[in-house]
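Notes for the structure review
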Amino acid sequence: MKYVFFDIECACVYKNTAKICAFGYVVTDGKFQVIEREDILLNPKGKFHLTDRKGREGLVLPYEYEDFKKYPVFSAEYPRIKALLEDKDAVVLGHATVNDVNYLNLETRRYKLQPLHFAFYDTQFFYMNVTGNYARQYGLGAMAEELGVEFTPHRAVDDAYATMCACRAICEREKTDVHGLVSRYAIRAGRAGGGNITPLSSAGQSRYFAQREKEKEIRARAHEQFYRVVNRNLNKKRKGRLSGKVFCFAKEIEEDLPNSVNLVSAIFEAGGTYTSHPAECNVYIACEEDGVRYRNAVLSGAAVIPLSLLAEALK
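First, a word on what this report is: a plain description of the structure on this page. (Residues numbered from 1 in each chain as written. Predicted model: local features only at pLDDT ≥ 70, side-chain atom pairs only at ≥ 80, totals over all residues. Heavy atoms only, no water.)

Examining the overall build of the chain
Quick reminder of the rule: Helix and strand labels come from DSSP, where a helix needs a run of H or I of at least four residues and a strand needs a run of E of at least two; each type is numbered from the N terminus. Radius of gyration here uses only the C-alpha atoms, and the compact-globule reference equals 2.2 Å multiplied by the residue count raised to the power 0.38. By the convention used here, residues are in contact when the closest approach between their heavy atoms is within 4.5 Å. Neither His nor the chain ends contribute to the count of charged residues, in which Lys and Arg are positive and Asp and Glu negative. Lysine's charge is taken at NZ, arginine's at CZ, aspartate's at CG and glutamate's at CD.
A count of helical and extended segments in the chain gives 11 helices and 13 strands. Computed over C-alpha atoms, the radius of gyration of the chain comes to 27 Å, more than 25% over the 20 Å expected from 2.2 N^0.38 for 315 residues, which places it beyond the range of a compact globule. Structurally, the chain occupies a C-alpha span of about 80 × 45 × 35 Å along its principal axes. Long-range contacts, defined here as pairs at least 24 residues apart, represent 65% of the contacts in the chain between residues at least 6 apart. Of the side chains in the chain, 44 bear a positive and 40 a negative charge, and the two mean positions are spaced by 8 Å.

Structural data, given as structure tokens:
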């Protein structure tokens, strides 16, 4: 058995285009001893338009861009890449691997080549399962730093090597190998085939998604119940010390039943009213100084009051 770790750099990436300029790979044995490593540099047949993950320009690859014109195009190196990834004796791994598999699919389509067929794993997904944190997608740099792995970012072969080192570090922490991780966390490999991609999955991720959906339903029910009380009181004109005050709560407060219902009922009883639009309120009740609602309230000139002070005042 051997492992094939790979990473891809592109000259540009658009919705239906990914012009690959570097395919870096590291082949190891089952104990992570390096057998082979190489940067396969490619002529992307196009200009370089480099952006970071947020789409901002400024990403710099550690290559001389003019040199890429000397290298073969993707179709010329396709047989070698295909042999590496479709090797029946190899376990294929990457970091955020689905992205790189998508780039390969786009390039095979661009050059009218047969789609690649292979199973793959993902060190990012391994780490999410090991840490139990499925809400965060760890970048290779952040994950490598946490694992004590050093590398040069954006040189494909170095990223592939760093991915290998990260995978080895995870296995050492867990006192097992890749197959042990897969078994322990019930991880199902991702698959590329026919130009399509099936992403990885795991038992832990399935539980996370189920819990997230459950919490979403609870918040939706709380939101509905809260606004049922608000709407019932909106047309009731009352006078009191809060007359002229238009309140808006942070979403977390709205969804905290029954406290939110008690608070908004007390506001109506004291002559105040309520709006779901922070830009229309003159008193915003905050739990943290963050989020779009908070910023909209501040921009509209609303007074911002912590929840604790409102509760105390309404007593």
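Section: the side chain of Arg293
Keep this limit in mind: Burial here depends on accessible area, computed with a 1.4 Å probe over protein chains only, as a share of the maximum for the residue type. Under 20% is buried, over 50% is exposed, and the range in between is partly exposed.
Along the polypeptide, Arg293 turns up in helix 10 (residues 291-299). A residue is classified by how much of its surface remains accessible, and Arg293, at 17% relative accessible area, is buried.

A short note on the environment of Tyr121
Following the sequence through the fold, Tyr121 ends up in strand 5 (residues 118-122). When the C-alpha atoms of Tyr121 and Arg191 are compared, they prove to be 8.8 Å apart, with 70 residues separating the residues in sequence.

Re the packing of helix 7 (residues 203-233) against helix 9 (residues 259-269)
Applied cut-off: Axes here mean lines fitted to C-alpha atoms, for a helix over just the part in contact, with angles spanning 0 to 180 degrees between N-to-C directions. Roughly parallel refers to an angle under 35 degrees, roughly antiparallel to one over 145, roughly perpendicular to one between 65 and 115, and oblique to any angle outside these ranges. Basically, the charged four are Asp, Glu, Lys and Arg, the nonpolar ten are Ala, Val, Leu, Ile, Met, Phe, Trp, Tyr, Cys and Pro, and anything else, Gly included, counts as polar.
Remark: helix 7 packs on helix 9, axes separated minimally by 9 Å, with the N-to-C direction vectors making an angle of 10 degrees. Between helix 7 and helix 9, the interaxial angle falls into the category roughly parallel. Each of Phe226, Val229, Val230 and Asn233 in helix 7 lies in contact with helix 9, whose residues at this interface are Ser260, Val261, Val264, Ser265 and Phe268. Of the residues belonging to the contact of helix 7 with helix 9, the class tally is six nonpolar, three polar and no charged.

A closer look at the sheet that holds strand 8 (residues 196-198)
Selection rule: Pairs of strands are assigned from DSSP output, requiring at least two bridges between the strands.
The sheet built from seven strands is open, its strands ordered 3-2-1-4-5-7-8 with mixed pairing. Of all strands in the sheet, those with a lone pairing partner are strand 3 (34-41) and strand 8, marking the two edges. Strand after strand, the sheet turns through a mean of 25 degrees between neighbouring axes, direction not considered. Where strand 5 meets strand 7 (residues 190-193), three bridges bridge the pair, whose relative direction is antiparallel. Along strand 7, the bridge assignment pairs Phe120 with Gly190. Contacts from helix 1 (residues 74-85) reach strand 1 (2-14), strand 2 (17-29), strand 3, strand 4 (90-94) and strand 5, with the element oriented near 35 degrees to strand 2. Most of the contacts of helix 5 (residues 156-174) go to strand 2, to which it runs at about 45 degrees, and overall it touches strand 1, strand 2, strand 3 and strand 4.

Observations concerning the nonpolar core
Here is the rule: In plain words, nonpolar cores are sets of buried Ala, Val, Leu, Ile, Met, Phe, Trp, Tyr and Cys residues tied together by side-chain atoms within 4.5 Å.
Grouped together as the largest cluster of nonpolar side chains are 57 residues, with contacts concentrated most on Phe23, Leu104, Phe126 and Val178. Per element, the largest residue contribution to this core is eight residues, and it comes from helix 5. Beyond its immediate chain neighbours, meaning those up to four positions away, Leu104 contacts Phe6, Ile8, Ile20, Phe23, Phe74, Ile81, Leu85, Leu116 and Phe118. Within the second largest apolar cluster, 26 residues are counted, among which are Tyr227, Leu242, Ile253 and Ile267.

Focus: the layout of surface pockets
Where we set the bar: Only protein atoms enter the 1 Å grid used here, on which a cavity is any set of points holding a 1.4 Å probe that cannot leave and a pocket is any open set flanked by protein within 12 Å on both sides along at least five of seven lines; residues with an atom within 4 Å of a point are listed as lining. Grid points are joined across faces, edges and corners, and a volume is the space filled by probe spheres set on the points.
By volume, the second largest pocket is sized at about 150 Å³. The wall of the second largest pocket is formed by Ala250, Lys251, Glu252, Tyr284, Cys287, Glu288, Asp290, Gly291, Val292, Arg293 and Tyr294. Secondary-structure elements contributing two or more residues to the lining of the second largest pocket are helix 8 (251-254) and helix 10. A breakdown of the residues in the lining of the second largest pocket according to their chemical character gives five nonpolar, one polar and five charged.

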